[in-house]
Amino acid sequence: MDRIRKRKVGHRYLMALIAFATLYQGCKEDNERTEAIQTEKTVEEVKETLEFGFRLDDYLVKRDTVRKGDSFGEILERNNVGYPKIFHIAEKTKDTFDIRRLQVGKPYTLLCAKDSLETAQCFIYQPNLEDYVVIDFQDTIQAYTDKKPIKYVEKTATGVINSNISETLEEQGLSPRLAYKMADEIFAWTIDFRRLQKGDRFKVIYTDKYIDDSIYAGVHDVKAAYFEHNSEPFYAFRYKTDTIKGIVDYFNEEAKNLRRAFLKAPVQFSRISSRYNLKRRIAYYGYKIRPHKGTDFAAPIGTPIMATANGTVTESTQRGGNGKYVKIRHNATYETQYLHMSRRNVKVGQFVKQGDIIGYVGMTGNTGGPHVCYRFWKNGRQVDPFKEKLPEAKPISDSLKVKYLDYIAPIKYELDNLYFKPNIDEEQSNKQPVITQANS
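A short tour of the structure in this document, coming up. (Residues numbered from 1 in each chain as written. Predicted model: local features only at pLDDT ≥ 70, side-chain atom pairs only at ≥ 80, totals over all residues. Heavy atoms only, no water.)

### Quick word on the packing of aromatic side chains
Taken as a whole and judged by the stated rule, the model has 21 aromatic pairs. Consider the rings of Tyr-210 and Tyr-216, whose centres lie 5.5 Å apart with planes at 55°: the pair is tilted. In this structure Tyr-210 comes out as buried when scored by relative accessible area, which is 16%. The interplanar angle of 70° and the centroid separation of 6.2 Å between the aromatic rings of Tyr-374 and Phe-376 together place this pair among those described as edge-to-face. (Phe/Tyr/Trp six-rings, centres within 6.5 Å; stacked < 30°, edge-to-face > 60°. Buried < 20%, exposed > 50% of the residue type's maximum accessible area, 1.4 Å probe, protein only.)

Below is the structure:
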(Lines give C-alpha, C1' and ligand atoms only; values in the text may rest on other atoms or scores of the structure.)
Protein backbone atom coordinates (compact mmCIF):
# COMPACT_ATOMS: atom_id res chain seq x y z
CA MET A 1 0.00 0.00 0.00
CA ASP A 2 2.77 2.41 0.97
CA ARG A 3 4.56 1.70 -2.32
CA ILE A 4 1.37 2.49 -4.33
CA ARG A 5 0.76 5.71 -2.33
CA LYS A 6 4.35 6.86 -2.95
CA ARG A 7 3.99 6.10 -6.65
CA LYS A 8 0.81 8.29 -6.84
CA VAL A 9 2.48 11.17 -4.97
CA GLY A 10 5.49 10.98 -7.30
CA HIS A 11 3.22 11.05 -10.34
CA ARG A 12 1.37 14.17 -9.06
CA TYR A 13 4.69 15.88 -8.35
CA LEU A 14 5.96 15.10 -11.86
CA MET A 15 2.75 16.46 -13.45
CA ALA A 16 3.04 19.64 -11.37
CA LEU A 17 6.63 20.12 -12.55
CA ILE A 18 5.56 19.71 -16.22
CA ALA A 19 2.70 22.25 -15.77
CA PHE A 20 5.07 24.74 -14.11
CA ALA A 21 7.65 24.33 -16.89
CA THR A 22 4.97 24.85 -19.56
CA LEU A 23 3.65 27.96 -17.77
CA TYR A 24 7.18 29.33 -17.36
CA GLN A 25 7.98 28.77 -21.05
CA GLY A 26 4.71 30.48 -22.08
CA CYS A 27 5.45 33.48 -19.84
CA LYS A 28 8.99 33.64 -21.20
CA GLU A 29 7.72 33.64 -24.80
CA ASP A 30 5.13 36.33 -23.95
CA ASN A 31 7.86 38.44 -22.33
CA GLU A 32 10.11 38.01 -25.37
CA ARG A 33 7.24 38.93 -27.68
CA THR A 34 6.46 42.04 -25.56
CA GLU A 35 10.14 43.02 -25.56
CA ALA A 36 10.25 42.61 -29.36
CA ILE A 37 7.19 44.86 -29.77
CA GLN A 38 8.69 47.43 -27.41
CA THR A 39 11.93 47.29 -29.38
CA GLU A 40 10.01 47.83 -32.63
CA LYS A 41 8.19 50.79 -31.07
CA THR A 42 11.47 52.26 -29.91
CA VAL A 43 12.98 51.93 -33.38
CA GLU A 44 9.84 53.53 -34.85
CA GLU A 45 10.04 56.41 -32.40
CA VAL A 46 13.71 57.20 -32.97
CA LYS A 47 13.41 56.95 -36.76
CA GLU A 48 14.39 60.31 -38.26
CA THR A 49 11.91 62.34 -40.30
CA LEU A 50 13.77 64.02 -43.14
CA GLU A 51 12.16 66.57 -45.46
CA PHE A 52 13.55 69.49 -47.45
CA GLY A 53 17.00 68.36 -46.28
CA PHE A 54 16.20 68.98 -42.58
CA ARG A 55 15.69 66.65 -39.60
CA LEU A 56 12.15 67.72 -38.70
CA ASP A 57 12.43 66.13 -35.24
CA ASP A 58 14.84 68.92 -34.28
CA TYR A 59 12.13 71.57 -34.78
CA LEU A 60 8.56 72.48 -34.04
CA VAL A 61 7.06 72.19 -37.52
CA LYS A 62 4.23 74.51 -38.60
CA ARG A 63 2.55 74.03 -41.98
CA ASP A 64 0.11 76.46 -43.58
CA THR A 65 -0.84 78.08 -46.88
CA VAL A 66 -0.40 81.69 -47.96
CA ARG A 67 -3.66 83.52 -47.26
CA LYS A 68 -5.11 86.65 -48.82
CA GLY A 69 -3.29 89.67 -47.38
CA ASP A 70 -0.32 87.59 -46.16
CA SER A 71 3.21 88.76 -46.80
CA PHE A 72 6.59 87.23 -45.97
CA GLY A 73 7.09 89.81 -43.21
CA GLU A 74 3.68 89.25 -41.62
CA ILE A 75 4.15 85.48 -41.57
CA LEU A 76 7.52 85.77 -39.81
CA GLU A 77 6.29 88.47 -37.42
CA ARG A 78 3.41 86.18 -36.36
CA ASN A 79 6.12 83.67 -35.47
CA ASN A 80 8.21 85.97 -33.27
CA VAL A 81 10.74 87.30 -35.79
CA GLY A 82 11.30 91.06 -35.41
CA TYR A 83 11.10 93.49 -38.34
CA PRO A 84 14.79 94.50 -38.29
CA LYS A 85 15.72 90.83 -38.81
CA ILE A 86 12.96 90.37 -41.42
CA PHE A 87 14.34 93.34 -43.40
CA HIS A 88 17.86 91.90 -43.14
CA ILE A 89 16.62 88.46 -44.36
CA ALA A 90 14.82 90.04 -47.33
CA GLU A 91 17.91 92.01 -48.35
CA LYS A 92 20.28 89.05 -48.08
CA THR A 93 18.05 86.68 -50.07
CA LYS A 94 16.62 88.98 -52.79
CA ASP A 95 19.00 87.67 -55.48
CA THR A 96 17.74 84.11 -54.92
CA PHE A 97 14.05 84.65 -54.23
CA ASP A 98 11.75 87.68 -54.42
CA ILE A 99 9.64 87.50 -51.25
CA ARG A 100 6.89 89.51 -53.01
CA ARG A 101 6.20 86.51 -55.27
CA LEU A 102 4.30 84.51 -52.61
CA GLN A 103 1.01 83.32 -54.15
CA VAL A 104 -2.26 82.89 -52.27
CA GLY A 105 -3.07 79.22 -51.68
CA LYS A 106 0.52 77.96 -52.01
CA PRO A 107 1.85 75.92 -49.04
CA TYR A 108 4.72 76.90 -46.79
CA THR A 109 6.48 75.27 -43.83
CA LEU A 110 8.05 77.00 -40.81
CA LEU A 111 10.74 75.27 -38.78
CA CYS A 112 10.56 76.80 -35.31
CA ALA A 113 12.63 76.52 -32.15
CA LYS A 114 11.46 74.03 -29.53
CA ASP A 115 11.16 76.60 -26.77
CA SER A 116 8.45 78.70 -25.16
CA LEU A 117 8.64 81.41 -27.87
CA GLU A 118 8.57 78.98 -30.81
CA THR A 119 10.60 81.45 -32.89
CA ALA A 120 10.73 80.70 -36.62
CA GLN A 121 14.21 79.69 -37.82
CA CYS A 122 13.55 78.60 -41.40
CA PHE A 123 10.89 79.40 -44.02
CA ILE A 124 10.20 76.88 -46.84
CA TYR A 125 7.87 77.89 -49.70
CA GLN A 126 6.44 75.50 -52.31
CA PRO A 127 5.41 77.23 -55.58
CA ASN A 128 4.42 73.80 -56.96
CA LEU A 129 4.43 70.13 -55.97
CA GLU A 130 7.99 69.57 -57.17
CA ASP A 131 10.02 72.72 -56.40
CA TYR A 132 10.64 74.46 -53.08
CA VAL A 133 12.50 77.54 -51.82
CA VAL A 134 14.41 77.45 -48.52
CA ILE A 135 15.15 80.65 -46.57
CA ASP A 136 17.28 79.56 -43.61
CA PHE A 137 18.09 82.18 -40.98
CA GLN A 138 19.13 80.05 -37.97
CA ASP A 139 22.77 81.11 -37.78
CA THR A 140 23.75 82.76 -41.03
CA ILE A 141 21.13 83.80 -43.59
CA GLN A 142 21.02 81.74 -46.77
CA ALA A 143 18.44 81.03 -49.48
CA TYR A 144 18.35 78.38 -52.19
CA THR A 145 15.92 76.45 -54.40
CA ASP A 146 15.68 72.68 -54.72
CA LYS A 147 13.42 69.89 -55.93
CA LYS A 148 11.70 67.05 -54.12
CA PRO A 149 12.80 63.49 -55.03
CA ILE A 150 11.17 62.35 -58.27
CA LYS A 151 10.43 58.75 -59.20
CA TYR A 152 9.32 57.57 -62.65
CA VAL A 153 7.38 54.32 -62.97
CA GLU A 154 6.89 52.65 -66.35
CA LYS A 155 3.40 51.18 -66.87
CA THR A 156 1.30 49.66 -69.63
CA ALA A 157 -2.37 49.97 -70.56
CA THR A 158 -4.64 48.49 -73.19
CA GLY A 159 -8.26 49.05 -74.08
CA VAL A 160 -11.09 48.54 -76.53
CA ILE A 161 -13.15 51.59 -77.50
CA ASN A 162 -16.87 51.41 -76.73
CA SER A 163 -17.78 55.10 -77.23
CA ASN A 164 -14.62 57.24 -76.85
CA ILE A 165 -11.08 56.88 -75.56
CA SER A 166 -11.58 59.12 -72.49
CA GLU A 167 -14.42 56.92 -71.26
CA THR A 168 -12.38 53.75 -71.85
CA LEU A 169 -9.46 55.15 -69.82
CA GLU A 170 -11.78 56.38 -67.07
CA GLU A 171 -13.33 52.90 -66.70
CA GLN A 172 -9.82 51.59 -65.95
CA GLY A 173 -9.01 54.42 -63.54
CA LEU A 174 -6.32 55.81 -65.86
CA SER A 175 -5.32 59.45 -66.34
CA PRO A 176 -7.28 61.40 -69.00
CA ARG A 177 -3.93 62.91 -70.00
CA LEU A 178 -3.18 59.64 -71.78
CA ALA A 179 -6.11 60.43 -74.11
CA TYR A 180 -4.74 63.91 -74.79
CA LYS A 181 -1.25 62.54 -75.41
CA MET A 182 -2.49 60.05 -77.98
CA ALA A 183 -5.09 62.30 -79.64
CA ASP A 184 -3.34 65.67 -79.71
CA GLU A 185 0.36 64.81 -79.62
CA ILE A 186 1.08 61.36 -81.04
CA PHE A 187 -1.62 60.42 -83.57
CA ALA A 188 -3.01 63.92 -84.24
CA TRP A 189 -2.34 63.73 -87.99
CA THR A 190 -2.92 60.02 -88.55
CA ILE A 191 -6.17 59.34 -86.62
CA ASP A 192 -9.24 61.56 -86.16
CA PHE A 193 -10.13 60.81 -82.54
CA ARG A 194 -13.50 62.54 -82.95
CA ARG A 195 -14.52 59.75 -85.33
CA LEU A 196 -13.34 56.63 -83.55
CA GLN A 197 -15.28 53.41 -84.19
CA LYS A 198 -16.63 50.99 -81.62
CA GLY A 199 -14.11 48.16 -81.46
CA ASP A 200 -11.06 50.36 -82.16
CA ARG A 201 -8.36 49.42 -79.69
CA PHE A 202 -5.05 50.58 -78.30
CA LYS A 203 -1.93 49.59 -76.35
CA VAL A 204 0.38 52.06 -74.67
CA ILE A 205 3.64 52.00 -72.70
CA TYR A 206 3.91 55.14 -70.59
CA THR A 207 5.65 56.61 -67.56
CA ASP A 208 3.93 57.94 -64.44
CA LYS A 209 5.60 60.56 -62.28
CA TYR A 210 5.66 60.48 -58.46
CA ILE A 211 6.98 63.08 -56.02
CA ASP A 212 8.38 61.89 -52.68
CA ASP A 213 7.52 58.31 -53.77
CA SER A 214 3.83 58.80 -52.96
CA ILE A 215 2.41 61.98 -54.55
CA TYR A 216 1.07 61.21 -58.01
CA ALA A 217 2.08 63.97 -60.44
CA GLY A 218 0.48 62.62 -63.62
CA VAL A 219 1.64 61.04 -66.85
CA HIS A 220 5.21 62.06 -67.64
CA ASP A 221 5.48 60.77 -71.19
CA VAL A 222 4.42 58.01 -73.57
CA LYS A 223 7.23 55.71 -74.63
CA ALA A 224 5.31 53.82 -77.31
CA ALA A 225 1.76 53.34 -78.52
CA TYR A 226 -0.25 51.16 -80.86
CA PHE A 227 -3.69 52.14 -82.14
CA GLU A 228 -5.93 50.01 -84.31
CA HIS A 229 -8.50 52.21 -86.10
CA ASN A 230 -10.93 50.70 -88.63
CA SER A 231 -8.77 47.53 -88.50
CA GLU A 232 -5.72 49.54 -89.64
CA PRO A 233 -2.67 49.44 -87.28
CA PHE A 234 -0.72 52.55 -86.30
CA TYR A 235 2.53 52.43 -84.32
CA ALA A 236 4.29 55.30 -82.54
CA PHE A 237 7.66 55.33 -80.78
CA ARG A 238 9.14 58.26 -78.87
CA TYR A 239 12.69 59.04 -79.99
CA LYS A 240 15.16 61.85 -79.32
CA THR A 241 16.65 62.95 -82.65
CA ASP A 242 18.85 65.71 -81.21
CA THR A 243 20.39 65.13 -77.78
CA ILE A 244 21.95 68.61 -77.66
CA LYS A 245 18.74 70.55 -78.41
CA GLY A 246 16.56 67.90 -76.75
CA ILE A 247 14.32 67.47 -79.82
CA VAL A 248 11.88 64.57 -79.37
CA ASP A 249 9.37 63.28 -81.92
CA TYR A 250 7.19 60.24 -82.54
CA PHE A 251 7.95 57.94 -85.46
CA ASN A 252 6.26 54.80 -86.77
CA GLU A 253 7.78 51.35 -87.22
CA GLU A 254 9.33 52.46 -90.54
CA ALA A 255 10.96 55.59 -89.04
CA LYS A 256 8.42 57.95 -90.60
CA ASN A 257 7.70 61.10 -88.56
CA LEU A 258 4.09 61.18 -87.33
CA ARG A 259 4.09 64.93 -86.78
CA ARG A 260 3.33 67.57 -89.41
CA ALA A 261 4.80 71.03 -89.81
CA PHE A 262 1.51 72.33 -88.30
CA LEU A 263 -0.33 71.32 -85.14
CA LYS A 264 -3.82 70.04 -85.84
CA ALA A 265 -5.44 72.42 -83.35
CA PRO A 266 -4.35 75.68 -81.69
CA VAL A 267 -5.89 74.71 -78.32
CA GLN A 268 -5.71 71.57 -76.18
CA PHE A 269 -8.71 69.61 -74.82
CA SER A 270 -11.10 71.39 -77.22
CA ARG A 271 -13.87 70.43 -79.62
CA ILE A 272 -14.72 71.73 -83.08
CA SER A 273 -17.93 73.73 -82.75
CA SER A 274 -18.04 74.91 -86.38
CA ARG A 275 -16.08 73.71 -89.40
CA TYR A 276 -14.86 75.48 -92.54
CA ASN A 277 -17.99 75.79 -94.71
CA LEU A 278 -18.42 78.07 -97.75
CA LYS A 279 -22.16 77.30 -97.97
CA ARG A 280 -23.11 77.88 -94.35
CA ARG A 281 -26.58 79.35 -93.74
CA ILE A 282 -27.44 81.18 -90.50
CA ALA A 283 -31.00 81.71 -89.19
CA TYR A 284 -30.06 85.10 -87.69
CA TYR A 285 -29.32 86.40 -91.21
CA GLY A 286 -32.49 84.95 -92.74
CA TYR A 287 -30.80 81.69 -93.80
CA LYS A 288 -28.69 83.53 -96.32
CA ILE A 289 -25.37 81.96 -97.29
CA ARG A 290 -22.66 83.32 -94.99
CA PRO A 291 -19.40 81.49 -95.74
CA HIS A 292 -17.36 80.43 -92.72
CA LYS A 293 -13.71 80.41 -93.76
CA GLY A 294 -12.34 79.22 -90.46
CA THR A 295 -12.55 76.32 -87.98
CA ASP A 296 -14.00 77.15 -84.54
CA PHE A 297 -12.54 75.39 -81.52
CA ALA A 298 -14.75 75.81 -78.43
CA ALA A 299 -12.85 76.17 -75.15
CA PRO A 300 -13.28 77.98 -71.81
CA ILE A 301 -12.28 81.65 -71.57
CA GLY A 302 -8.59 81.94 -70.71
CA THR A 303 -7.53 78.67 -72.40
CA PRO A 304 -4.04 79.17 -73.93
CA ILE A 305 -3.92 79.49 -77.74
CA MET A 306 -0.80 78.05 -79.39
CA ALA A 307 0.99 78.88 -82.61
CA THR A 308 0.42 75.84 -84.84
CA ALA A 309 3.82 76.24 -86.54
CA ASN A 310 7.01 78.30 -86.44
CA GLY A 311 6.68 81.78 -87.91
CA THR A 312 6.74 85.56 -87.53
CA VAL A 313 3.83 87.60 -86.12
CA THR A 314 2.55 89.99 -88.82
CA GLU A 315 -0.56 91.28 -86.98
CA SER A 316 -1.47 91.54 -83.30
CA THR A 317 -4.42 93.90 -82.96
CA GLN A 318 -8.20 94.29 -82.51
CA ARG A 319 -10.55 94.88 -85.42
CA GLY A 320 -14.34 94.67 -85.93
CA GLY A 321 -15.92 91.22 -85.87
CA ASN A 322 -12.52 89.54 -85.50
CA GLY A 323 -12.07 91.03 -82.05
CA LYS A 324 -8.57 90.66 -80.68
CA TYR A 325 -6.51 88.48 -83.00
CA VAL A 326 -3.02 87.41 -84.05
CA LYS A 327 -1.79 86.56 -87.54
CA ILE A 328 1.42 84.62 -88.29
CA ARG A 329 3.37 84.16 -91.52
CA HIS A 330 5.07 80.76 -91.52
CA ASN A 331 6.77 80.88 -94.94
CA ALA A 332 6.09 82.11 -98.47
CA THR A 333 3.12 79.73 -98.75
CA TYR A 334 1.33 79.51 -95.39
CA GLU A 335 -0.23 81.96 -92.88
CA THR A 336 -2.52 81.36 -89.89
CA GLN A 337 -4.86 83.64 -87.94
CA TYR A 338 -6.43 83.26 -84.47
CA LEU A 339 -9.59 85.32 -83.71
CA HIS A 340 -11.74 86.40 -80.70
CA MET A 341 -8.94 86.37 -78.10
CA SER A 342 -9.49 87.72 -74.61
CA ARG A 343 -5.82 88.73 -74.48
CA ARG A 344 -2.90 88.71 -76.91
CA ASN A 345 0.51 87.49 -75.80
CA VAL A 346 2.78 88.45 -78.75
CA LYS A 347 3.83 91.55 -80.69
CA VAL A 348 4.28 92.27 -84.40
CA GLY A 349 7.69 91.11 -85.63
CA GLN A 350 8.11 88.52 -82.89
CA PHE A 351 9.29 85.05 -83.96
CA VAL A 352 7.28 82.21 -82.43
CA LYS A 353 7.81 78.47 -82.38
CA GLN A 354 5.24 75.71 -82.73
CA GLY A 355 3.39 75.35 -79.43
CA ASP A 356 4.24 78.84 -78.10
CA ILE A 357 1.33 80.58 -76.35
CA ILE A 358 0.29 83.57 -78.49
CA GLY A 359 -2.95 84.50 -76.67
CA TYR A 360 -5.95 83.26 -74.71
CA VAL A 361 -9.48 82.20 -75.67
CA GLY A 362 -12.13 84.91 -75.31
CA MET A 363 -15.33 86.34 -76.78
CA THR A 364 -14.20 89.59 -78.40
CA GLY A 365 -15.74 90.59 -81.76
CA ASN A 366 -18.75 88.77 -83.24
CA THR A 367 -19.10 85.56 -81.28
CA GLY A 368 -21.86 83.69 -79.50
CA GLY A 369 -19.58 81.84 -77.07
CA PRO A 370 -15.96 81.39 -76.02
CA HIS A 371 -13.89 79.91 -78.83
CA VAL A 372 -10.97 80.58 -81.16
CA CYS A 373 -11.66 80.88 -84.88
CA TYR A 374 -8.64 79.36 -86.60
CA ARG A 375 -8.06 80.59 -90.16
CA PHE A 376 -5.56 79.10 -92.56
CA TRP A 377 -4.07 80.72 -95.69
CA LYS A 378 -2.31 78.98 -98.57
CA ASN A 379 -0.83 81.25 -101.24
CA GLY A 380 -3.00 84.15 -100.04
CA ARG A 381 -6.29 82.20 -100.12
CA GLN A 382 -8.20 80.87 -97.09
CA VAL A 383 -8.51 77.07 -97.16
CA ASP A 384 -9.63 74.21 -94.91
CA PRO A 385 -6.46 72.90 -93.19
CA PHE A 386 -8.13 69.53 -92.58
CA LYS A 387 -8.48 68.93 -96.31
CA GLU A 388 -5.00 70.13 -97.25
CA LYS A 389 -2.01 67.85 -97.70
CA LEU A 390 0.26 69.76 -95.36
CA PRO A 391 4.05 69.38 -95.28
CA GLU A 392 5.49 66.76 -92.95
CA ALA A 393 7.83 67.58 -90.11
CA LYS A 394 11.55 67.06 -90.55
CA PRO A 395 12.19 63.32 -91.20
CA ILE A 396 14.66 61.24 -89.24
CA SER A 397 18.16 61.45 -90.73
CA ASP A 398 19.61 58.48 -92.62
CA SER A 399 22.47 58.26 -90.13
CA LEU A 400 19.98 57.84 -87.25
CA LYS A 401 17.54 55.51 -88.98
CA VAL A 402 19.50 52.30 -88.29
CA LYS A 403 19.98 53.27 -84.61
CA TYR A 404 16.28 54.08 -84.35
CA LEU A 405 15.17 50.73 -85.77
CA ASP A 406 17.51 48.88 -83.39
CA TYR A 407 16.19 50.97 -80.47
CA ILE A 408 12.50 50.26 -81.12
CA ALA A 409 12.86 46.51 -81.81
CA PRO A 410 12.54 45.36 -78.15
CA ILE A 411 9.89 48.01 -77.43
CA LYS A 412 7.78 46.87 -80.38
CA TYR A 413 8.13 43.26 -79.16
CA GLU A 414 6.82 44.29 -75.73
CA LEU A 415 3.98 46.27 -77.30
CA ASP A 416 2.96 43.41 -79.59
CA ASN A 417 2.82 41.00 -76.66
CA LEU A 418 0.44 43.11 -74.56
CA TYR A 419 -3.07 41.65 -74.42
CA PHE A 420 -6.08 43.88 -75.01
CA LYS A 421 -8.24 44.47 -71.98
CA PRO A 422 -11.91 44.00 -72.98
CA ASN A 423 -14.41 46.77 -72.34
CA ILE A 424 -17.23 46.43 -69.82
CA ASP A 425 -19.81 45.50 -72.47
CA GLU A 426 -17.65 42.59 -73.69
CA GLU A 427 -17.00 41.37 -70.15
CA GLN A 428 -20.73 41.37 -69.39
CA SER A 429 -21.64 39.61 -72.65
CA ASN A 430 -19.02 36.92 -71.99
CA LYS A 431 -20.45 36.09 -68.58
CA GLN A 432 -22.52 32.90 -68.55
CA PRO A 433 -26.10 33.37 -67.32
CA VAL A 434 -26.85 31.81 -63.94
CA ILE A 435 -29.67 29.23 -64.21
CA THR A 436 -31.58 28.39 -61.07
CA GLN A 437 -33.96 25.48 -60.83
CA ALA A 438 -37.09 25.92 -58.78
CA ASN A 439 -37.91 23.27 -56.21
CA SER A 440 -40.92 21.19 -57.19
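Once the structure has been displayed, the description carries forward.
### Structural notes on the pattern of salt bridges
Summed over the entire model, instances satisfying the criterion amount to 23 salt bridges. Between Arg-67 and Asp-64 there is a salt bridge, with its nearest N and O atoms 3.0 Å apart. Residue Asp-64 is classed as partly exposed on the basis of its relative accessible area of 26%. Its salt-bridge partner being Glu-154, residue Lys-223 comes within 3.2 Å of it at the nearest N-O pair. Of this pair, Lys-223 sits in strand S10 (residues 215-229) while Glu-154 sits in strand S8 (residues 150-160), placing them 69 residues apart in sequence. The exposure class assigned to Lys-223 is partly exposed, which follows from its relative accessible area of 22%. Each of Glu-51, Arg-63, Lys-148 and Asp-212 takes part in salt bridges that share partners, so that together they form one network. (Salt bridge = Lys/Arg side-chain N within 4 Å of Asp/Glu carboxyl O. Helix = DSSP H or I, 4+ residues; strand = E, 2+ residues; numbered from the N terminus.)

### Quick look at empty space enclosed by the protein
Throughout the structure, instances matching the rule amount to one cavity of 30 Å³ or more. In this structure, the largest cavity occupies an estimated 40 Å³ of space. Trp-189, Phe-262, Leu-263, Lys-264, Tyr-374, Phe-376, Pro-385, Phe-386 and Leu-390 together form the lining of the largest cavity. Split by residue class, the lining of the largest cavity holds eight nonpolar, no polar and one charged. (1 Å grid on protein atoms, 1.4 Å probe; cavity = no way out; pocket = protein on both sides within 12 Å on 5 of 7 lines; lining within 4 Å. Points joined across faces, edges and corners; volume = space filled by probe spheres on them. Nonpolar A, V, L, I, M, F, W, Y, C, P; charged D, E, K, R; others polar.)

### Some words on the side chain of Asp-221
Along the polypeptide, Asp-221 turns up in strand S10. The class of Asp-221 is buried, set by a relative accessible area of 12%. Look past the residues within four positions of Asp-221 in its chain and what remains in contact with it is Lys-181, Tyr-206, Thr-207 and Arg-238. (Contact = heavy atoms within 4.5 Å.)

### Topic: the side chain of Thr-168
Counting through the fold element by element, Thr-168 comes out in helix H4 (residues 165-171). Residues in contact with Thr-168, not counting those within four places in the same chain, are Gly-159, Val-160, Ile-161, Asn-162 and Phe-202.

### Overview of the sheet that holds strand S9 (residues 201-211)
Ordered by their spatial adjacency, five strands build an open sheet running S8-S9-S10-S11-S12, and the pairing between neighbours is antiparallel. Strands at the two margins of the open sheet, each flanked by one partner only, are S8 and strand S12 (247-251). The sheet shows a mean angle of 25° between the axes of neighbouring strands, taken without regard to direction. With 11 bridges joining them, S8 and S9 adopt antiparallel strand pairing. Pairing of Thr-158 across the sheet is with Lys-203, part of S9. On the sheet, helix H5 (residues 177-186) packs against S9, S10, strand S11 (232-242) and S12 and is oriented at approximately 50° with respect to S10. (Pairing = 2+ DSSP bridges. Axes fitted to C-alpha atoms, helices over the stretch in contact; angles between N-to-C directions.)

### Observations concerning the pairing of strand S22 (residues 357-361)
Most of S22 sits out of view: four of its five residues are buried. Where strand S17 (residues 304-306) meets S22, three bridges bridge the pair, whose relative direction is antiparallel. Paired with Ile-305 across the strands is Gly-359, a residue of S22. Two strands pair when backbone bridges link them, and strand S20 (residues 334-344) and S22 are joined in this way by three bridges, in the antiparallel orientation. Residue pairing across strands places Arg-344 opposite Gly-359, the latter belonging to S22.

### Here's the deal with the sheet that holds strand S4 (residues 107-112)
Strand order in the open sheet made by the five strands is S3-S4-S5-S6-S7, with antiparallel pairing throughout. Because the sheet does not close on itself, it has two edges, and the strands there are strand S3 (60-65) and strand S7 (142-147). Neighbour to neighbour, the strand axes of the sheet diverge by 20° on average, direction disregarded. By the bridge criterion, five bridges tie S4 to strand S5 (residues 120-125) in an arrangement that is antiparallel. Across the sheet, Leu-111 pairs through a bridge with Cys-122, a residue of S5.

In short, the description is geometric, and any link to function would need to be established separately.
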